[in-house]
Structure formats: structure tokens, C-alpha cells
Amino acid sequence: MDLSVDTWDLSSPLISLWINRFYIYLGFAVSISLWICLQIVSKTQDRNLQEKSVPKAPQNLMTNGYVSLQEKDIFVSGVKIFYGSQTGTAKGFATVLAEAVTSLDLPVAIINLKEYDPDDHLIEEVTSKNVCVFLVATYTDGRPTESAEWFCKWLEEASSDFRFGKSYLKGMRYAVFGLGNSAYSSHFNKVGKNVDKWLWMLGAHRVMSRGEGDCDVVKSKHGSIEADFRAWKTKFISQLQALQKGERKKYCGGHCKKGKCESHQHGSEEREEGSHEQDELHHRDTEEEEPFESSSEEEFGGEDRQSLNSIVDVEDLGKIMDHVKKEKREKEQQEEKSGLFRNMGRNEDGERRAMITAALREALTKQGYQLIGSHSGVKLCRWTKSMLRGRGGCYKHTFYGIESHRCMETTPSLACANKCVFCWRHHTNPVGTEWRWKMDQPEMILKEAVENHQNMIKQFKGVPGVKAERFEEGMTVKHCALSLVGEPIMYPEINRFLKLLHQCKISSFLVTNAQFPAEIRNLKPVTQLYVSVDASTKESLKKIDRPLFKDFWQRFLDSLKALAAKQQRTVYRLTLVKAWNVDELQAYAQLVFLGNPDFIEVKGVTYCGESSASSLTMAHVPWHEEVVQFVRELVDLIPDYEIACEHEHSNCLLIAHKKFKIGGEWWTWIDYNRFQELIQEYEDSGGSKTFSAKDYMARTPHWALFGANERGFDPKDTRHQRKNKSKAISGC
């Protein structure tokens, strides 16, 4: 066959088809090539534009372990040296350090912590661009010196208080040097460690490792506490000079390879706090992260580590497995026995168990509780502290005339039958539907509650701003708020406890969660009885209170009916949770008709921080204006009531029955002396001589009324606005 081109018949249809396809494919290939070229040119031009518009980072951005920052970010305006001293050693060190700082041409101030009010002034250090140094000593028993006691207590509470938050002191720079004696190893430099930790938890930035001075010359790192301080002082001055030059040592938190950065060389000082603190703080952002690490020795016991690394002979494997199976059987038998007694509310000896377990004691103590016996507790309210310093009282002072600095907040039962979403203890307390624990006597509970309360008041002696006359008054308890946590009415001897309170001339404010109607009916007279009405429908009550009782709704309704039969002062407490219960006005009105309370407190929910036990967020907290609007609309539906009082600072209003409005004036306050006379007559008559709420009422002052310019703040006091107002959270 002749395949030469000369022999091709170009007029052939087949040849024409091939030629047309060739040109189509060629055009397609050329188009793709051109598109690719255009894309390459476009990206090249964009890259060139970016290189021209964005200046290159300086080559010396990070050299020799230092980070160069803009001058405005590292400017040091001065140094403040705080000391807490008992024998004068810390004060002397402060003077020596001040002289060294002065040589750097920096302003320096020496401040005695006894005369310093952190509540007013510590926030100023966030923007002051000072470096704050804390020289604090530790007693042999682990306590701070008297001069630093208030500062340490405030710092501890602030570090665990959701109102401050983990960025409260963000921007503040600090360093700590602790003075102690290693002869008392269990408490060696405990105060210095705690101050360092608490400042860090509040967001402050540590500029260098904590220093530790040891009075024990044998164990002292440099031979004496003075030598320890001199060595730390030298490092601090060096760091201060670096900050002045616009340099800051990059802190890696000890995660670098051994020996590669200075922070690792001081790793033992940074890591000694223990793994539990690292767990508590791990969520802080990595830029600010300076964790208290634990060594492998702390994470794993020596025996565990040895067993993990040891080699087991095959011949011994059978013996080991038999041993493991035996241990497992014994454990299962033990758990079965313990579970049986646990269901009965008893220990293995058949005795009733204590409500406060070791784990619960640790959790509640950390939250500031003073625990009493096996099921009770007392805690100092922040409004008690506020009124001691002449900074105003709580809403009960505005509504009912309570003297907040003389009010003891306690509970004879830490247990509760609900798991409310807004519980301010995040459900660290036990729950139950009946009393199944060991029971303490009411005489002991009251005695220790008062003693613990007085001891907490004593800690405010000499604190800046505390009024001497209120401090003296605060040592005598006049009111008892049984609303701390849990369900006080669960305590089987609640009536005896109340009688003891009244014998001591202490008024009683008891709060119940409306799940124990029989106990409400059997309750002896109290100064004021509260029922928490957290929702007005069965569905929303289940969602918000999360009650344990299956018949919770009927118990709730029966509790309100029992309240209506009481002759003394009764109160509904409504907690508004935005998007959950604020749209149930008509249903709330029906509940008011059912219980016919003397007063209705309406309060916006207080956000108590994140908790795995609750889905509550800041979005659920209503603004004060929204609470006012809710109250106005509710009052329109209950004609026997009007708005009487307001406490704006607590995001709370009081609705009162019109029977307390006499001659156009409100009488919502309480005549406490008259109540004590009436309750004494009731007891002397064996309960036959009763009395009513109107028998011990008192006139409400003008400043406490709704619509007054004071918005519920007592003009005798001075309102204190926290300087850091980034968090708009209603008060408790």
C-alpha cells in the first residue's frame, strides 16, 4: 500500500474529518497554554506588589534569647516595691532594692501592704507600666504576716471570683521574692508561692522567676537569707535594665530543650507548684502561658514508674494474673458492700455517713467556706465586707433594713434537692431528697457558726477603709441569712435552730426551694420566709431548677399553698433567666394568687462563671432595664401589688402587697426589736399567742423607694465603682 502524501485524496471525507479535529485540538491546547501563562504573570505581579507594600521584618527581631519590641510596649515608668514584714527583714530588703532601682534613674516607691488597698488601687497597675515587686514573708505555720494578711486574702478571693476574671490584671508586670524558713518544709515560702500564683491567675505577667530566701543558713542556697536576696536582686536589676532597653527575655514556660533558654535554668522554681494548679490554669492563652509544671516524680509514684519499666518473666506471668484476679474479686466485693451501705446512707459499720466528704471539704474550703461539723457551713458575704468599709449594703438592707455588716450567712444543710442552672456553687454541694446523713446538734452548729463568722470579721481589723464603729458592730451578729447554699429546711432540727437564733436576738431569713411542703407547714415563725419561684410552668421549672423529685411540680404548688397559710412575712424570690423564663408573665401572676406572698423580689440571674454543670452564659443575664420592664408588666396583672423598692446595684426590684402602703407611704422595713418581743411572747405562750407581718413592720426610707435618685443606695455610704468595668454582671 502506498502511504506517501502524494497519494492522499484530500477530498476524501475521512481525511477532512481528521484535519478538522487536528485544528480543534491544537486551538484548545494553545488556549490552555495562554491561560496558564496569564495566571503565572498575575501571581508574580501580586507577589511583587505585596513585597513593595509590606516592609520586611527586621532581621534582629529575635536574637540571643531576646525579643525586640516597640518602645511604647516595653517602657518602664517606675517600680513599686510592696512588702509584708513582721520583724523588719522584708522592709529592709525593700529599702536595699529601692536604692538599686534608683541607680537606673527610675522612680521607685516603697509600700507597706498593711496600708495598701488592692480593691481600689491594684487595677491601676494594668496601665501604669510600672513593675511591681512583692517581698512577702511566711510564718512557720504557713500564714502571711499580719501586715500582708488582708492583701493575701483579697488576692486569693479575687483569683477565684468570676467577677474579676482571668484577664483582670492583664498588662500588669510583677516579680515576687518570698522569705521563709525551710526548717518548716511543709509551709516553706507558702505565701510567696501563693501571691505569685494568684497574680498570675488574674492575668498579671511575671517578668522573672520567683525568688526564695531561706532563714535556715544550712539549707539556704547562698548561705543566708540576705545572700539569697542579693542573688535574686542582681537578676532582677538585670531584667529591669533589659526592659528599659526595649528587650524582654522570651519566656518559654520550661518547654524548651534542656539548657537552651534561661527560663529553663530556673525551671525548678517555676514547676514546684504541682500538677493540680497546671490543670486549673491550662486554658490560658499560649502567649501568656506560664504554667506551674510538675515533675514526672509528682505525676507518677516511684512504684508505678518501676512497674511500667520492669520486665516480667513468662514463668511469673501466671502468678501475676492470679494476683490481679484476686485483687479484682476483692475490690468488687468491697464495692458491692459499700454500695449497699451507701444506698442506706450508712458507712460500712452501719452508722450514718457524714455529709461532708474529704473531697467536698476540700472543694468548699477552696471556695471560702468555713465548714461546721458534718453538714453545715458559714461564709462571709461580699456585702458584709462592703458595708464594713462604708461602701453600701445589699438589697436586703434597701428593702428590709438589714445591717449587712451584722448579717451572718450560713446553712445547717449543705445538701439540696435541686441542681439549679444558676447555682453559684456549681453543684459542689451534695444532693438528696431526704435526710440520710449523720446529724449534728443545732447548739453546736450555731455556736461554731457565730465563732467562725466573728473570726472572719476579725481579719478586717486594720484593713484600709474599714470603719471602726462598723467593725465593732460587726462582731455582734444581728441577722442570719439561711440562704448560703443547699436546702436549710431539710435539716431535721431546723425549728430548734431557729429558736436558738431568736433566743440570741438574731433575726431569721430562711430561703427554701419549694420542694418540701410538709416542712414548710411545720415550720415555726421566722422573721421572713422566702420561697424560690424560679419558673412558672412545669416545663421551665424542670429545665431551670432540675429537681430530683419526680413529683416536683405538685410539691412546688403545695409549697406555695403552705406559704399562703403563714402569718409572718413571706416572699417570692423570682430569678429571671433571659430566654428561659421571662415570657411567662400570666403564669407567674397565677402563682402569685396561689401563694399570696407579702413581697415579691424580682432579680436578674447572676452569672457565676463557666461550669460543666450548667449551660448558663452571660447572654442569659437580663439588663436592669429589662428587669424593670418585666416587673412593670407583672404588676399590671396582679392588682393587689405595686413596685415598692429598687436596688440597682443588685439588678433587683421589690414588689409589695398594698397592705404595706399606709397613708401613701411604704412600710417594707422590719422593726427587728419588735419582732424579738413578739417571738418571745409566742414562745412563752407555747405558740398560742400568734402575730402577723404587719405587727413588726417599719417605714421605708425615701432613698430605698423605686424611682428615687439613689436607685436603692444608702446615702450614708459612699458608692464604689470598680475601675475595671469590662464585665457587666449583676451583683449578688
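- Taking an unreviewed UniProt entry as the reference, the chain is identified by name as S-adenosyl-L-methionine-dependent tRNA 4-demethylwyosine synthase TYW1 belonging to Rhinopithecus roxellana.
- As recorded by UniProt, the Cofactor (unreviewed entry) comment attached to the chain reads in full: "[4Fe-4S] cluster".
- Under the Pathway (unreviewed entry) heading, UniProt states for the chain: "tRNA modification; wybutosine-tRNA(Phe) biosynthesis."

**Notes on the pattern of salt bridges**
Pairs can form between side chains of opposite charge whenever their charged atoms are close.
Part 1 of the argument: Taken as a whole and judged by the stated rule, the model has 27 salt bridges.
Part 2 of the argument: Of the charged contacts, one joins Arg391 and Asp119 as a salt bridge, the two residues approaching to 3.3 Å between their closest N and O atoms. A residue pair is termed long-range when its members are at least 10 positions apart, and Arg391 in the loop between helix H16 (382-388) and helix H17 (395-400) and Asp119 in helix H4 (residues 118-121) qualify at 272 residues. Asp119 matches Arg391 in its accessibility class, with the two residues each being buried.
Part 3 of the argument: The shortest N-O distance in the salt bridge between Lys689 and Glu681 comes to 3.4 Å.

**Some details on the pairing of strand E19 (residues 652-657)**
One face of the sheet, then the other: side chains in a regular strand alternate in exactly this way.
Part 1 of the argument: With respect to burial, E19 is a largely interior element, six of its six residues being buried.
Part 2 of the argument: Neither face of E19 is open: one carries Cys652, Leu654 and Ala656, the other Leu653, Ile655 and His657, and all of them are buried.
Part 3 of the argument: Here six bridges tie strand E18 (residues 641-647) to E19, and the two strands are oriented antiparallel to one another. Bridge pairing in E19 links Glu642 to Ala656.
Part 4 of the argument: Between the antiparallel neighbours E18 and E19 lie four residues, among them Asn651 with a positive phi of about 55°.

**What about the packing of aromatic side chains?**
In this description, an aromatic ring pair is defined by two values, namely the gap between the centres and the angle between the planes.
Part 1 of the argument: For the coordinates displayed, the defined rule picks out 25 aromatic pairs.
Part 2 of the argument: The interplanar angle of 55° and the centroid separation of 6.5 Å between the aromatic rings of Tyr116 and Phe151 together place this pair among those described as tilted. Here Phe151 lies in helix H6 (residues 149-159) and Tyr116 lies in the loop between strand E4 (108-112) and H4, a separation of 35 residues in the sequence.
Part 3 of the argument: Tyr116 gets classed as buried once you look at its relative accessible area, which sits at 6%.
Part 4 of the argument: Given a relative accessible area of 0%, Phe151 falls into the buried group.
Part 5 of the argument: An angle of 80° between the planes, with centres 6.1 Å apart, marks the rings of Trp669 and Trp703 as edge-to-face.

**Remarks on the nonpolar core**
Part 1 of the argument: Residues Phe134, Val195 and Leu199 are the most contacted members of the largest nonpolar core, which totals 112 residues.
Part 2 of the argument: The leading source of residues in this core is helix H23 (residues 552-564), at seven residues.
Part 3 of the argument: Lining this core are residues from two domains, each supplying at least three of them: domain 1 (78-245) and domain 2 (370-557 + 659-704).
Part 4 of the argument: Not counting residues up to four positions away in its chain, the partners in contact with Val195 are Phe134, Val136, Phe151, Cys152, Leu155 and Val176.

**So, H6**
Part 1 of the argument: Looking only at H6, the buried set comprises Trp150, Phe151, Cys152, Trp154, Leu155, Ala158 and Ser159.
Part 2 of the argument: The secondary structure elements touched by the buried residues of H6 are H4, strand E5 (130-137) and helix H7 (190-201).

What counts, and at which threshold
- Residues numbered from 1 in each chain as written.
- Predicted model: local features only at pLDDT ≥ 70, side-chain atom pairs only at ≥ 80, totals over all residues.
- Heavy atoms only, no water.
- UniProt positions renumbered as here; feature names shortened; annotations may be inferred.
- Salt bridge = Lys/Arg side-chain N within 4 Å of Asp/Glu carboxyl O.
- Helix = DSSP H or I, 4+ residues; strand = E, 2+ residues; numbered from the N terminus.
- Buried < 20%, exposed > 50% of the residue type's maximum accessible area, 1.4 Å probe, protein only.
- Pairing = 2+ DSSP bridges.
- Phe/Tyr/Trp six-rings, centres within 6.5 Å; stacked < 30°, edge-to-face > 60°.
- Core = buried A, V, L, I, M, F, W, Y, C linked by side-chain atoms within 4.5 Å.
- Domains from an automatic or database assignment.
- Contact = heavy atoms within 4.5 Å.

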